[in-house]
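Geometric and topological summary
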Amino acid sequence: MRKNIYADLINMKKGNEKIAMITCYDASMSKLFSVSSVDILLVGDTLGMVKLGYENTLSVTIDDMIHHTKAVKRGNKGGKIIVTDMSYKTYEDNPREAVINAKKLMDAGADAVKVEGGLEILPSIKEILKAGIPVMGHLGLLPQSVEKTGGFKVQCRDKESIKKLHDDSLILQDAGVFSIVFECIPENVAKDVVSKLDVPVIGIGAGRYCDGQVLVSDDMLGMFEDFTPKFVKKYANLSKTIKEAVNLYAAEVKNGKFPKEENTYK
Ligand code: KIV
């Protein structure tokens, strides 16, 4: 059954019910997250960094996104909304190609796609929406543009960029996106723009006044150790748990404590 993403999320905003989104990249995590109380599973292109070992998201391909969306869909026993990122250079400059690629992600199991940018990518957003595919926007820090914008930095520090955030948010809302991610934006700036929008805003490093929050699962579970942005709260320290478990296993293999009789077949 196709979910009514628009109505569900707008009603949550109207009712002041916060939206919880988390990134998810494979079936085993999808099985766990989809029976939790999160609302949305985001197959983010952060998978390039946290799962595929790239430095940023630019090397992630549409085939990677399809592969991981299919896995998340298979594990989604709880029937959560699945949003998949359109990967770099698969939608920005060519609206016709944007629709073809968005359809591939929908066929893989996504309920909606997410794209980075405002006015610059409006023709592609309009075309994807015209094809009946729900779109989530993404403004502020745009990880697919880090090479142009000089790295992972807090955005909207000057009047011009604050105005652009405001204008782009209204442009996306008028175009018909069902929600927008705000990434790395000072809290007071995000608060002001959020209060002027009907469409729900899901923040990551954008403060407390967004309509929802998203975190990268590997960050909040304490599995990604390369760097931790200030906005991350670690709800677990799984890298420590995993290292301890694997070391104990290796030690027990070497000292003969594993396997025991109960682990063997008669
Ligand atoms: O790719 C991703 O995980 C994202 C989040 C950072 C919002 O876009």
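Residues numbered from 1 in each chain as written. Predicted model: local features only at pLDDT ≥ 70, side-chain atom pairs only at ≥ 80, totals over all residues. Heavy atoms only, no water.

What follows is about the pattern of salt bridges. Side-chain pairs of opposite charge can arise where the charged atoms are in close proximity. Considering all chains together, one arrives at 13 salt bridges under this definition. Between D167 and K163 there is a salt bridge, with its nearest N and O atoms 2.6 Å apart. Here the residue D167 and the residue K163 both occupy positions in helix 8 (residues 159-175), the gap between them amounting to 4 residues, near one helical turn. In this structure D167 comes out as partly exposed when scored by relative accessible area, which is 29%. Residue K163 is classed as exposed on the basis of its relative accessible area of 52%. Across the pair E261 and K266 runs a salt bridge, and its minimum N-O distance is 3.0 Å. Judged by relative accessible area, which is 84%, K266 ranks as exposed. Taken together, the shared-partner salt bridges in this structure form one network comprising E120, K164 and D168. (Salt bridge = Lys/Arg side-chain N within 4 Å of Asp/Glu carboxyl O. Helix = DSSP H or I, 4+ residues; strand = E, 2+ residues; numbered from the N terminus. Buried < 20%, exposed > 50% of the residue type's maximum accessible area, 1.4 Å probe, protein only.)

This next bit is on the packing of helix 4 (residues 62-75) against helix 5 (residues 95-108). Contact geometry for helix 4 and helix 5: axes closest at 8 Å, N-to-C directions at 25 degrees. It follows from the interaxial angle that helix 4 and helix 5 lie roughly parallel. In this structure, helix 4 crosses over helix 5, and the sense of that crossing is right-handed. Judged by residue contacts, I62, M65, I66, T69, K70 and K73 of helix 4 engage N101, K104, L105 and A108 from helix 5. (Axes fitted to C-alpha atoms, helices over the stretch in contact; angles between N-to-C directions. Parallel < 35°, antiparallel > 145°, perpendicular 65-115°, else oblique. Left-handed = near helix turned anticlockwise from the far one by under 90°. Contact = heavy atoms within 4.5 Å.)

This part covers the sheet that holds strand 5 (residues 135-140). Judged by pairing direction, the barrel is parallel, and its 8 strands sit side by side in the order 1-2-3-4-5-6-7-8 before closing back on the first. Averaged over all neighbouring strand pairs, the angle between strand axes comes to 25 degrees, with direction disregarded. Alignment of strand 5 against strand 6 (residues 179-183), held across 5 bridges, turns out to be parallel. Counted as the bridge partner of G137 is I180 from strand 6. Where helix 1 (residues 5-14) meets the sheet, its contacts fall on strand 1 (19-23), strand 2 (40-43), strand 3 (81-85), strand 4 (112-114), strand 5 and strand 6, and the angle it forms with strand 1 comes to roughly 125 degrees. (Pairing = 2+ DSSP bridges.)

This next bit is on the site of the ligand. The immediate surroundings of the ligand are formed by T23, L42, G44, D45, T46, D85, K114, H138, E183, I204 and V214. The separation between an oxygen atom of the ligand and a polar side-chain atom of T46 is 2.5 Å. The side chain of D85 places a nitrogen or oxygen atom 2.9 Å from an oxygen atom of the ligand. For the ligand, the accessible surface in isolation is 260 Å², of which the surrounding protein chains cover 98%. Counted by class, the shell around the ligand contains 3 nonpolar, 4 polar and 4 charged residues. (Near = heavy atom within 4 Å. Polar contact = N/O pair within 3.5 Å; in protein donor to acceptor, adjacent residues only side chain to side chain. Areas by Shrake-Rupley, 256 points an atom, 1.4 Å probe, with all protein chains shown as cover. Nonpolar A, V, L, I, M, F, W, Y, C, P; charged D, E, K, R; others polar.)

The next subject is the state of the cysteines. By definition, a disulfide links two cysteine residues through a covalent bond between their sulfur atoms. A full pass over the atoms with the stated rule returns 0 disulfides. Sulfur of C184: no disulfide; nearest cysteine sulfur belongs to C156 and is 10 Å away. Judged by relative accessible area, which is 10%, C184 ranks as buried. (Disulfide = S-S within 2.5 Å.)

Let us now look at the packing of aromatic side chains. Inspection of every chain in the model, using the stated rule, returns 4 aromatic pairs. Centre to centre, the rings of Y6 and F178 are 5.9 Å apart; their planes meet at 65 degrees, and the pair counts as edge-to-face. Taken together, the residues span a long stretch of sequence, with Y6 in helix 1 and F178 in the loop between helix 8 and strand 6 at a distance of 172 residues. On the basis of relative accessible area, F178 is assigned to the buried category, the value being 1%. Taken together, the aromatic side chains of F152, F224 and F227 make up a single cluster linked through ring pairs. (Phe/Tyr/Trp six-rings, centres within 6.5 Å; stacked < 30°, edge-to-face > 60°.)

Let us now look at the domain arrangement of the chain. One frequently used descriptor of interface size is the decrease in accessible area upon assembly of the parts. Taken domain by domain, the chain holds domain 1 (5-235) and domain 2 (238-266). Listed by partner, the interface residues are 4 residues for domain 1 and 4 residues for domain 2. Interface area, domain 1 with domain 2, both sides summed: about 350 Å², of which 51% is carbon and sulfur. When the buried surface of domain 1 facing domain 2 is broken down by residue, L221, M223 and E225 rank first, second and third, together holding 80% of it. Put simply, domain 1 and domain 2 have 1 salt bridge between them. K243 is the salt-bridge partner of E225, the closest N and O atoms lying 3.1 Å from each other. The interface formed by domain 1 and domain 2 contains 5 residue pairs in polar contact (both at pLDDT 80 or more). (Domains from an automatic or database assignment. Buried area = accessible area lost by both parts, 1.4 Å probe.)

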